Amino acid sequence: MAKPDHLLPRRRLIKGAGASIVGAALTNALPVAAADQPSDIWSSEYWAKKGDVPLWMYRKRLGAPKADEVARPVVVFVHGSSVTSRVFDLSVPGKGEYSTMNEFARYGFDCWTLDHENYGKSGRTSSNSDIASGVADLKAAVEVITRETGHKKFHFVGESSGALRAGAYAMVAPERIDRLVFAAFTYKGEGSPTLTKRAEQVDYYRTHNMRKRDREMIRSIATRDKPGTSDPAVMDVLAEVELQFGDQIPTGTYLDMTANLPVVDPEKVLAPVLLVRGEFDGIATVADLEAFYNKLPNGDRQFVILPGTAHSVVLAINRALFWHATRAFLTMPTPIAT
């Protein structure tokens, strides 16, 4: 059989965020001219309601909103299984910038994030906060974002199960999606050493809605796949921030990732997609992600492997590679010929 033109040959798999994959001219990348922007980062808290469940939301951008300003593109950051939305706005004195939200606010984006049900400041229920629950969270959150910004379409950047949440949301609300970035994504999970190990506790995930998350578990984010790709001192700061919300975290996304994959059908994801994998990611193999990539229907798609990073690209030592690849993708010029 002839090989379809859109399939990704292995020899063309792009390793690193080089010019060949993210070479959009960065002189044109800022959504709003930097010279026209105030230097201070403004932030505010909001609340969404999913039925009776309050969902905490957070926003950052350069300068407070003004009625007569040029609209800024909105990007929504979606957190994963074992952390809250603080992972996107971490302050680590003496270690450089670790706030993805600060970085993208400086690029000219209107940045939003939220704590999913049973995470962080959001409401506590008896739910296990699985991927389907996360989709409902995003449905509630976008209503607040639309009210505050006037936008009806948004970029979504999800990491790990946050990418699954964003992808599942994109399937049911394609009209709300501009561009999608799936970092540390998992399709079927085949060949994953981490998921194979995690599946040993699948009966526990089926029968318990919460699981233990202690300091050592959070620290393991830096060492599980490849020591040296993340700074352990940064994980200590993350642990301090996260454990203020307790040492229990929902099991729902773990159950979905060990027993219910795939939860995102690539053929139903219609928006442009950037698929980002850390070189040493122990959850999704290259083959697993290639299979997903090759089934995406939109020709506007990219697959990037970031060298010297593991599962968590947001808090990696080489996190600037993730910022660069994501920024370039979100600011791609509109194609003239289609």
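Nothing here was measured: the structure is a model prediction, and the numbers come from that model.

Asker: Hey, could you go over the overall build of the chain for me, with residue numbers and the actual values?
Answerer: A count of helical and extended segments in the chain gives eleven helices and eleven strands. The proportion of buried residues among the 338 residues of the chain is 57%. A separation threshold of at least 6 residues defines the contact pool for the chain, and within that pool the share at least 24 residues apart is 77%. Total accessible area on the chain is roughly 14,100 Å²; 52% of this is exposed by carbon and sulfur atoms.

Asker: Quick rundown of the packing of aromatic side chains? Include the residues and the values.
Answerer: Counted by the stated rule, this structure contains 15 aromatic pairs. An aromatic cluster is built from Phe77, Phe88, Phe104, Tyr107 and Phe109, whose rings are joined through pairwise contacts. The side chain of arginine 301 reaches across the aromatic face of tyrosine 293, ending 4.9 Å from its centre. Just above the ring of tyrosine 98 sits the side chain of arginine 319; from NZ or CZ to the centre is 3.5 Å.

Asker: Summarise helix α4 (residues 161-172); cite the residues concerned and give the values.
Answerer: Compared with the 16 Å implied by 1.5 Å per residue over twelve residues, the 17 Å span of α4 between its first and last C-alpha is a close match. Within α4, ten of the twelve residues are buried, which leaves it mostly tucked inside the rest of the structure. Among the residues of α4, Ser161, Gly162, Ala163, Leu164, Arg165, Ala166, Gly167, Ala168, Tyr169 and Ala170 are the ones counted as buried.

Asker: Describe helix α11 (residues 319-330), and please don't skip the residues or the numbers.
Answerer: The end-to-end C-alpha distance of α11, which contains twelve residues, comes to 17 Å, matching closely the 16 Å that a straight helix rising 1.5 Å per residue would cover. For α11, the buried fraction is high: nine of the twelve residues fall into the buried class. Every buried residue of α11 is listed here: Arg319, Phe322, Trp323, Ala325, Thr326, Arg327, Ala328, Phe329 and Leu330.

Asker: Which residues make up the pattern of salt bridges, and what values go with them?
Answerer: Here the structure, examined in full by the defined rule, presents 21 salt bridges. Note that lysine 197 and glutamate 200 form a salt bridge whose closest N and O atoms lie 3.4 Å from each other. The residues lysine 197 and glutamate 200 share a single accessibility class, namely exposed. Notably, a salt bridge pairs lysine 212 with aspartate 247, separated by 2.5 Å at the nearest N-O pair. You can see lysine 212 sitting in strand β8 (residues 210-212) and its partner aspartate 247 sitting in the loop between α8 (232-242) and β9 (248-250), a full 35 residues away along the chain.

Asker: Describe the nonpolar core, and please don't skip the residues or the numbers.
Answerer: The nonpolar side chains of a soluble globular protein tend to be buried with one another. In terms of nonpolar packing, the biggest core is built from 50 residues, with Met57, Phe156, Leu180, Phe182 and Phe185 touching the most fellow members. Take this core: its biggest share by element is eight residues, from helix α3 (residues 131-149). In contact with phenylalanine 182, not counting residues within four places along its chain, are Gly158, Ala163, Ala166, Gly167, Val273, Leu274, Leu275, Val276 and Phe292. One finds Tyr107, Ala183, Ala222 and Val313 within the second-largest nonpolar core, a separate group that totals 41 residues.

Asker: Give me the environment of alanine 64: which residues, what numbers.
Answerer: With respect to the helices, strands and loops of the structure, alanine 64 is situated in the loop between β3 (53-62) and β4 (74-78). Residue alanine 64 is classed as partly exposed on the basis of its relative accessible area, which comes to 37%. In contact with alanine 64, other than residues within four places in its own chain, are Trp42 and Glu69.

Asker: Account for the side chain of threonine 186, naming residues and giving values.
Answerer: Mapped onto the secondary structure, threonine 186 falls in the loop between β7 (177-183) and α5 (193-198). Setting aside chain neighbours within four positions, we find threonine 186 in contact with Leu164, Leu195, Met257, Leu261, Ile283, Ala284 and Asp288.

Asker: Residue-level account of the packing of α3 against α4, with values.
Answerer: Where α3 contacts α4, the two axes come as close as 9 Å, and the packing angle between them is 65°. Classified by the angle between their axes, α3 and α4 sit roughly perpendicular to one another. Two packed elements cross with a definite hand, and for α3 against α4 that hand is right-handed. The residues of α4 that touch α3, namely those facing Ile131, Gly134, Val135, Leu138, Lys139 and Val142, are Ser161, Leu164, Arg165, Ala166, Ala168, Tyr169 and Val172. Looking at the contact of α3 with α4 residue by residue, the class counts come to nine nonpolar, two polar and two charged.

Asker: Describe in detail the pairing of strand β2 (residues 41-50), supporting the description with residues and values.
Answerer: Examined bridge by bridge, β2 and β3 share ten bridges and lie antiparallel to one another. Bridge pairing in β3 places alanine 48 opposite leucine 55. Where β2 hands over to β3, the hairpin turn is made up of two residues, of which glycine 51 adopts a positive phi near 65°.

Asker: An account of the side chain of aspartate 110 is needed here, citing residue identities and associated values.
Answerer: Note that aspartate 110 resides in strand β5 (residues 110-114). There is a polar contact of 3.2 Å between the side chain of aspartate 110 and the side chain of tryptophan 112. Filtering out sequence-adjacent residues up to four positions away, aspartate 110 remains in contact with Arg59, Lys60, Arg61, Arg72, Pro73, Val74, Val75 and Thr149.

Cut-offs applied
Residues numbered from 1 in each chain as written. Predicted model: local features only at pLDDT ≥ 70, side-chain atom pairs only at ≥ 80, totals over all residues. Heavy atoms only, no water. Helix = DSSP H or I, 4+ residues; strand = E, 2+ residues; numbered from the N terminus. Buried < 20%, exposed > 50% of the residue type's maximum accessible area, 1.4 Å probe, protein only. Contact = heavy atoms within 4.5 Å. Areas by Shrake-Rupley, 256 points an atom, 1.4 Å probe, with all protein chains shown as cover. Phe/Tyr/Trp six-rings, centres within 6.5 Å; stacked < 30°, edge-to-face > 60°. Lys NZ or Arg CZ within 6 Å of the ring centre and 35° of its normal. Expected span 1.5 Å × (residues − 1). Salt bridge = Lys/Arg side-chain N within 4 Å of Asp/Glu carboxyl O. Core = buried A, V, L, I, M, F, W, Y, C linked by side-chain atoms within 4.5 Å. Axes fitted to C-alpha atoms, helices over the stretch in contact; angles between N-to-C directions. Parallel < 35°, antiparallel > 145°, perpendicular 65-115°, else oblique. Left-handed = near helix turned anticlockwise from the far one by under 90°. Nonpolar A, V, L, I, M, F, W, Y, C, P; charged D, E, K, R; others polar. Pairing = 2+ DSSP bridges. Polar contact = N/O pair within 3.5 Å; in protein donor to acceptor, adjacent residues only side chain to side chain.

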